[in-house]
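Descriptive structure summary
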Amino acid sequence: MTAASSEESVRTELETLLDSFFSPTATNDQRLKINELLDSFAQQQGVWLWRYCVYFLQTSTNHHLLMYSLNLLENLVTYKWLSIDPAQRVELRQFLTSHLLAHHASLPRFLSNKFVKVITFIGRSDWPHEYPDFIRNILQLLRGQETVVVGLQLLQTASEELGSPRSDLLTTTRRETLLSLMTQEIPTFLSTLISLLNSVAEKQRHTIAPTPPPSPGGSPLRHTTPLIRVVTPPRPSHPHLSPFTTPTQSLLAKSPSSPHPQVPAYQPFGPLDPRLEEVCVGCLSCLSHLFSWMPLSSNITPQVLDTIFYFASLGCESAEDSSDVAGLLGSLAMDCVIELLVKNCVPREFEAFLMKLFDKSFSLLQRLTGVTERGEPINFFHLHERFLGKCSDFFYWFVNSHLKRVEFNPNFPVLEFLSLFYKYTFKQPGVDNFCVCLGTWGVFLDHLIMMSSGIHGGQSPPNNDHYERYREILVSMMDSILKKIQLRHNINELREIDDDTVDDDNETEWQSFLRQSLEYVAKVAKLFPLHAFSQLVPLLESYSSVYLSLAHLISRSGDSATLAIADGPDCEKLHVVLKDLASVLQALGGVSEHFVDGAFTMRLHDAQLLVRKFCIIAKFSTDNLLFNLSTPIPEILSHDFIEMHAQVLGSIQAFTHWLSELYLVSQRTSSQYTDTVMWFASAIVDSAHPLIARDIPEKVVLSACQLLLSLATTVRLKFALSLPGVKELTKKAKDGELGDIPHRAQCMVYRALTNMLVLAWPETSDSQQQWEWRTAELTQVVAGATKVFTELCGTSGWSQEEWLVQQAKSPVRHCLSLLQDLVSSLSAERPKSKQMLFAALSPSLDFIVSLFSTYLHHSEVLAPLMGFFHALFHSMRAQVGSALTEKTIHTFMALLTREHLQEALAEEASLASQVVEKFLSILKLLVSEGTSGNRDLLSSAIQFSLRQIYPIISEKAAPDVKSVLFDLLFQLLLNNWRFFFPHSVLSHMEGEAVDLSLVHREDFFAIMEAFGHSFLQKDIALFKQNLSALETLNKKHKLYSKVQFRDHMLHPLLRVLLEALVSKSHSLLQEEICLGVHSMAAVHFPSYHQQFILQYLSSVEGLSDTHRSLLAQQYKMVEDLPSFVLNLQQFVNDLRCYIILSRSVPGGSVSLT
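Starting from 1, residues in each chain are numbered consecutively following that chain's sequence as written. In keeping with the model being predicted, local features are shown solely for residues with a pLDDT of at least 70 and side-chain atom pairs are shown and tallied solely at 80 or more, while totals for entire chains, interfaces and linings include all residues. Calculation of side-chain values draws on the structure's entire complement of heavy atoms; hydrogens and water are dropped beforehand.

1. Topic: the overall build of the chain
Helices and strands together make up the secondary structure of the chain, namely 49 helices and two strands. With a 1.4 Å probe rolled over the protein chains alone, any residue whose accessible area is under 20% of its type maximum counts as buried; one over 50% counts as exposed, and the rest are partly exposed. Here the chain, with 1153 residues, has 54% of them falling under the buried criterion. By definition in these notes, contact holds between two residues if any of their heavy atoms fall within 4.5 Å. Partitioning the contacts of the chain with sequence separation of at least 6, the portion at a separation of at least 24 is 75%. Note that accessible areas follow from Shrake-Rupley with a 1.4 Å probe, and for residues the cover is restricted to the protein chains shown. A total accessible area of about 50100 Å² is found for the chain, and carbon and sulfur atoms account for 53% of it. Put simply, DSSP H or I for four residues or longer makes a helix, DSSP E for two residues or longer makes a strand, and each gets a number counted from the N terminus.

2. Thoughts on the environment of Trp81
With respect to the helices, strands and loops of the structure, Trp81 is situated in the loop between helix H4 (63-79) and helix H5 (86-103). Distance from Trp81 to Phe121, taken between C-alpha atoms, is 9.8 Å for residues 40 residues apart in sequence. Residues within four places of Trp81 in sequence aside, it is in contact with Leu76, Arg89, Leu92, Ile122, Ser125 and Asp126.

3. Observations concerning the packing of helix H39 (residues 959-975) against helix H42 (residues 1001-1014)
Axis definition: a line fit to C-alpha positions, over the contact stretch in the case of helices; interaxial angles, taken between N-to-C directions, run 0 to 180 degrees. At their nearest, the axes of H39 and H42 sit 11 Å apart, and the two run at 135° to each other. Of the possible angle classes, the one that applies to H39 and H42 is oblique. By crossing handedness, the relation of H39 to H42 is classed as left-handed. Residue-level contacts link Phe966, Leu969, Phe970 and Leu973 of H39 to Phe1004, Ile1007, Met1008, Ala1010, Phe1011 and Ser1014 of H42. Residues are sorted three ways: Asp, Glu, Lys and Arg are charged, Ala, Val, Leu, Ile, Met, Phe, Trp, Tyr, Cys and Pro are nonpolar, and all the rest, Gly among them, are polar. Within the contact of H39 with H42, the residues separate by chemical class into nine nonpolar, one polar and no charged. Roughly parallel covers angles under 35 degrees, roughly antiparallel covers those over 145, roughly perpendicular covers 65 to 115, and oblique covers all other angles. Here a crossing is called left-handed whenever its near helix is offset anticlockwise from the far helix by less than a right angle, and right-handed whenever the offset is clockwise.

4. Things to note about the pattern of salt bridges
Salt bridge, as used here, is a side-chain nitrogen of Lys or Arg placed within 4 Å of a carboxyl oxygen of Asp or Glu. Throughout the structure, instances matching the rule amount to 38 salt bridges. As a salt-bridge pair, Arg386 and Asp335 come within 2.8 Å of each other at their nearest N and O atoms. Here the residue Arg386 occupies a position in helix H15 (residues 385-406), and Asp335 occupies one in helix H13 (residues 324-341), the gap between them amounting to 51 residues. Assessed through its relative accessible area of 36%, Arg386 is described here as partly exposed. Across the salt bridge formed by Lys731 and Asp735, the nearest N and O atoms sit 3.1 Å from each other. Lys731 sits in the exposed class, given a relative accessible area of 53%. Asp735 sits in the partly exposed class, given a relative accessible area of 28%.

5. Topic: the packing of aromatic side chains
Pairing of aromatic side chains here covers Phe, Tyr and the six-membered ring of Trp, requires ring centres within 6.5 Å, and sorts the geometry by plane angle: under 30 degrees stacked, over 60 edge-to-face, intermediate tilted. Applying the stated criterion to the full structure yields 62 aromatic pairs. Judged by centre distance (6.1 Å) and plane angle (85°), the ring pair of Tyr1088 and Tyr1115 falls under edge-to-face. Placement of the pair is Tyr1088 in helix H47 (residues 1085-1099) and Tyr1115 in the loop between helix H48 (1105-1114) and helix H49 (1121-1143), with a sequence separation of 27 residues. By the ring-pair criterion, three or more aromatic residues cluster together here, those being Phe358, Phe380, Phe394, Phe395, Phe398, Phe412, Phe417, Phe421, Tyr424, Trp441 and Tyr520. Counting as a charge over the ring demands two things of the Lys NZ or Arg CZ atom: a distance within 6 Å of the ring centre and an angle within 35 degrees of the ring normal. When the ring centre of Phe121 is taken as reference, the NZ or CZ atom of Arg124 above it lies at 4.2 Å. In this structure, Arg774 packs its charged tip against the face of Trp761, placed 4.0 Å from the ring centre.

6. What to know about the environment of Leu911
You can see Leu911 is positioned in helix H37 (residues 911-927). Among the residues examined, Leu911 registers a relative accessible area of 37% and is labelled partly exposed. In the structure, Leu911 is positioned 50 residues away from Val861 in sequence and 9.7 Å away in space, judged by C-alpha atoms. Beyond its immediate stretch of four places on either side in the chain, Leu911 contacts Ser859, Glu860 and Ala863.

7. Focus: empty space enclosed by the protein
With a 1 Å grid laid over protein atoms only, a set of points is called a cavity when a 1.4 Å probe fits there but cannot get out and a pocket when it is open yet has protein on both sides within 12 Å along at least five of seven lines; lining residues have an atom within 4 Å of a point. Grid points are joined across faces, edges and corners, and a volume is the space filled by probe spheres set on the points. Under the counting rule described, the total for this entry stands at five cavities of 30 Å³ or more. Cys705, Leu708, Leu709, Val726, Leu729, Met748, Val749, Ala752, Leu753 and Met756 together form the lining of the second largest cavity. Elements with a contribution of two residues or more to the lining of the second largest cavity: helix H27 (698-715), helix H28 (724-734) and helix H29 (743-758). Here the lining of the second largest cavity takes five residues from H29, the largest share from any one element. Here the residues of the lining of the second largest cavity are counted per class, giving 10 nonpolar, no polar and no charged.

8. Details of H42
To estimate how far a helix should reach, multiply one less than its number of residues by 1.5 Å. Between its first and last C-alpha, H42 extends 20 Å over 14 residues, near the 20 Å set by a 1.5 Å rise per residue. By the burial criterion, the buried members of H42 are Asp1003, Phe1004, Phe1005, Ala1006, Ile1007, Met1008, Ala1010, Phe1011 and Ser1014. The inward-facing, buried residues of H42 contact helix H38 (935-953), H39, helix H40 (977-980), helix H43 (1020-1037) and helix H44 (1043-1048).

9. Quick notes on helix H21 (residues 529-548)
Taking 1.5 Å as the rise per residue, H21 with 20 residues should run 28 Å; its terminal C-alpha atoms sit 27 Å apart, in good agreement. Of the positions making up H21, those classed as buried are Pro529, Ala532, Phe533, Leu536, Leu539, Leu540, Tyr543, Ser544 and Tyr547. Viewed end-on, H21 has its buried residues packed into an arc of 145°, placing them on one side of the element. As for H21, its buried residues are in contact with helix H18 (471-484), helix H19 (487-494), helix H20 (509-527), helix H22 (569-590), helix H23 (604-624) and helix H24 (634-654). This arc corresponds to the set of directions leading from the helix axis out to the C-beta atoms.

10. Quick word on unusual backbone geometry
The omega angle of the peptide bond from Trp127 to Pro128 is 10°, so this bond is cis rather than trans. Mapping Pro128 onto the fold places it in the loop between helix H6 (109-126) and helix H7 (134-143). We note that Asn506 has phi near 60°; this positive angle belongs to a residue other than glycine. Asn506 sits in the exposed class, given a relative accessible area of 60%. In this model, His1000 sits at a positive phi of 50°, which is unusual for a non-glycine residue. Residue position: His1000 is located in the loop between helix H41 (985-990) and H42.

11. Description of the side chain of Lys114
Position of Lys114 among the secondary structure elements: in helix H6. According to the relative accessible area criterion, Lys114 is buried, its value standing at 13%.

12. Some words on the pairing of strand E2 (residues 560-563)
Here E2 shows a clear split, with Ala561 and Leu563 buried on one side and none of Ser560 and Thr562 buried on the other. Relative to E2, strand E1 (residues 554-557) runs antiparallel, the two being bridged by four bridges. Following the sheet pairing, Ser555 is matched in E2 by Thr562. Where E1 folds back on E2, the antiparallel hairpin that results is connected by two residues, among which Gly558 adopts a positive phi of roughly 65°. DSSP calls a pair of strands paired once it identifies at least 2 bridges connecting them.

13. Here we look at the side chain of Lys809
Following the sequence through the fold, Lys809 ends up in helix H32 (residues 802-825). Residue classification places Lys809 among the buried positions, given a relative accessible area of 14%. We define a polar contact as two N or O atoms separated by no more than 3.5 Å, with the added condition that, inside protein, one atom must be a possible hydrogen donor and the other a possible acceptor, whereas residues neighbouring each other in sequence contribute only through side-chain atom pairs. Only 2.5 Å separates the side chain of Lys809 from the side chain of Glu860, close enough to count as a polar contact. Those residues in contact with Lys809, other than ones at most four positions away along the chain, are Tyr855, His858, Glu860 and Val861.

14. Details of the confidence of the model for the chain
Here pLDDT means the predictor's own confidence in every residue, given as a number from 0 to 100. Averaged over all residues, the pLDDT of the chain is 87; the fraction at 70 or higher stands at 89%. Contacts of residues 985-994 to residues separated by more than four positions or lying in other chains number two contacts, the stretch itself having pLDDT below 50.

15. Details of the state of the cysteines
The disulfide definition used here is simple: a pair of cysteine sulfur atoms within 2.5 Å. Counted according to the given criterion, the structure contains zero disulfides. The closest cysteine sulfur to the non-disulfide-bonded Cys316 is located on Cys391, 6.5 Å from its own sulfur. A relative accessible area of 3% places Cys316 in the buried class. Between Cys747, a free cysteine, and Cys815, which holds the nearest cysteine sulfur, the sulfur-to-sulfur gap is 9.9 Å.

16. Let's talk about the environment of Val788
Residue position: Val788 is located in helix H31 (residues 787-793). For the pair Val788 and His814, spaced 26 residues apart in sequence, the C-alpha to C-alpha distance is 9.8 Å.

Have a look at this one:
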């Protein structure tokens, strides 16, 4: 096809091609060939292309061809518009406008939207000089009855493309010009849109109830009485001050356009004509987008808010009473309100505006929590789902961002607001909606807790008891939540909540709901602890008395036991009691912090009673193992018994800090509390240790182990090892007989016993710590844990027998994991404890090292082995010593040959690659200690990482291995700088002007080249990590100022960072990149501007000399960080714009044949 081909034949052929392309029977190869032909046609130069498009739009009815033509015109306007003759631009613009107006009613929405987009792009380029009527035409369309919808489309698109443009095809200057021009038009836009909305509302009112309109002086929205009195001082002269600082009457008189039609008093909205619905939707969408970028100003008048909230109130209509239109319009109006509310930086002069906004919001909340026209409460289940969600979002933003500003304002009824929001919260349909509201209450409570703690900003409250005025509403809310989570009060709703399916956070829906509800209870307890206890303790007494009375219903026969309870209502009641008792126990565990520290003495008696009750329940549960009982509905009651048993152990664990404080008091005073502590400790151990057995449900076993671990770690009882239950566990541990319980439980038991033996007893002198006896006991416990190693060592030549190697895999893995857990648990303890454990481990260390060669090709064993040594070097570096460290590292390096590493790193995220990661992490730990004195280790680490690992992964993705490798290199430089730049007396005396000499030059440059190469790859996380590493090296060691870096690497790295900004390949890191560029430019700002920028611009292909000169001139030479970043962003934006436009210059003309 040539340019001279007839237009008709071209149209026919394109229609055929496009229909074939979109045919469901077309193959991918066919579509690819058609796409090449279409692209060839689109490359035509000159006037031919857009003439073809105009002809197609005039004559074709094929939607595919019409959209293709509009896409070609959009591309033309976007990239080649200025290369077209001005007269032809006017001709095309007029055609598009007139064609849209003539056919918009019959065009599908997707085509009219495309017309609007192309016309708006023309306006974005030509308005106001070449297209002065662009905005005026839009306003004229909005005033026409038949064209209002297309006018709204144009206005919203203009707001998107001119008010807040995202296009890379606008220079910074053009963006600022468009924003300024659009801001000047805001008063007219708002006036027009509000008038349209009010007109529709008035018309709808007359349609439903043809009654006389309200008097001109009447107040809009008569159905509510504002509860906020707005104080209005004299109008300030500043043009951007809030309109709410002046009387409403004067504002109406000075409206920029004709007065808005009066907002009608509220009535049920009823069905709406589809065309009017489209107008309302368009107006509200436009307002929402305008509010997203326009500044707060006098343009947001009371009339604007009145109208928006009138439409927001439509969402309060039940779907049973009206069509879904009212809910849709209500949700769109709430979008507008939220856009206004999320503007956090509200100047003080706009506080009156906020008060007006909150007044309207208050009225909306009144309607939501009020009654319908028939006097019935509004049923939230019948409201539009999106509207209800937007209301909840609004109240969240209000509480989160603005409530503190009006909390003490006498004109804002904060208590009434919270009371209404309380009603709103408990009317929510469903758990998810309720939890969203709980999040809002949580924000408010966090604010009160911070204020009560003295951590607050702004004006101080009169006293620290300011939250007392909220007591009634907050405790009522807590009481209602406690009822809501109890099946006894809310069984119909709670039985619908899923307690089986686990989400991404490893929680069921029930667990998530209960946790969020109890978090609120715990926060209220921080402010009003006595009331929380007064509510929770009676619940505990009530439910636990029923639970403990089950002892009379247990009948035993041999090894079996039965709960003598009838199926039906009795089982249902027991299910309710068990579920509610578990919830109350969890709630009480969450308030344990209110019994320690300053409240310990005051609430000592109450805490004793409470913990004693916990222990009684736990002991009863352990003695009877109720989950093993035969019941009429075992699938339900057995699960309930397990949950309840695990929860009571967890509640006791929460009070171990209190028990620790009680133990300290007993040790210091030799008081009567000694016997009390003994009773509690014995009860806890007797309740927990029998549960550490094979036939106990895992959840209960783990809870028991965690309780013993907390007792050992937090309380540190001197007599713990003499308790019968602990003695029994110790014997099992020494004999290695704990292998029949879950591995997690096994780790916790060994950790608990180890902590009892190595942690110092409080209030006990060192001479009375019995270290010798405890060390001997620990040696036996660790020997039990490493029993598998002892047995293997005793088997001659076991490593040569493949069947023995395979058979030992599982026990070796579990043993290494257990030892890793033990070593890690002591990382923060004192050296004496570490030395004891290391001495107990020492006999096994040589054997563990030898396991590396035995299981070299078994990654499932090497992974925990590396994990163990990582924990060992991290927690006990001083105890291990340099000799064993070097021996271990050199053994590993010798075995990790190049061939083995290539095999291990062949597959990303494999277990073998994780072994390499762990070894690199070990090296990172060692070099992080600043081992400049141990040059052999540093040299070995450099050689291994740069000569063996890096060549294998440099061109691969391997994100995990690369991250660890570069962190190793970073730590090596950061903590061993003198290894590369040794200090000298002369250089120190001569100051910074003399650069330190560089040794190990080849290694240093290899490391820097590796860092530089990483910035050329697509891994954004690695880019961020390495850029941060270089910044840290510069701050600590002035890396960028070193001659070697400045001469060889500074400009190439700057180029890479600028190209990342221009290409937007790392948009998420724009801030970090800009900071990095500033740090590098700060080495010598004149050189950056006068040499580097000019060199960089000269290397950019496609730029004209004019553009290069313009960019260089407009890039201001500033040094302070904020100004530098702003200018850099403008420079990058303009450069990107010129590059795109330059590269879009059309090539040769190619026709479709």
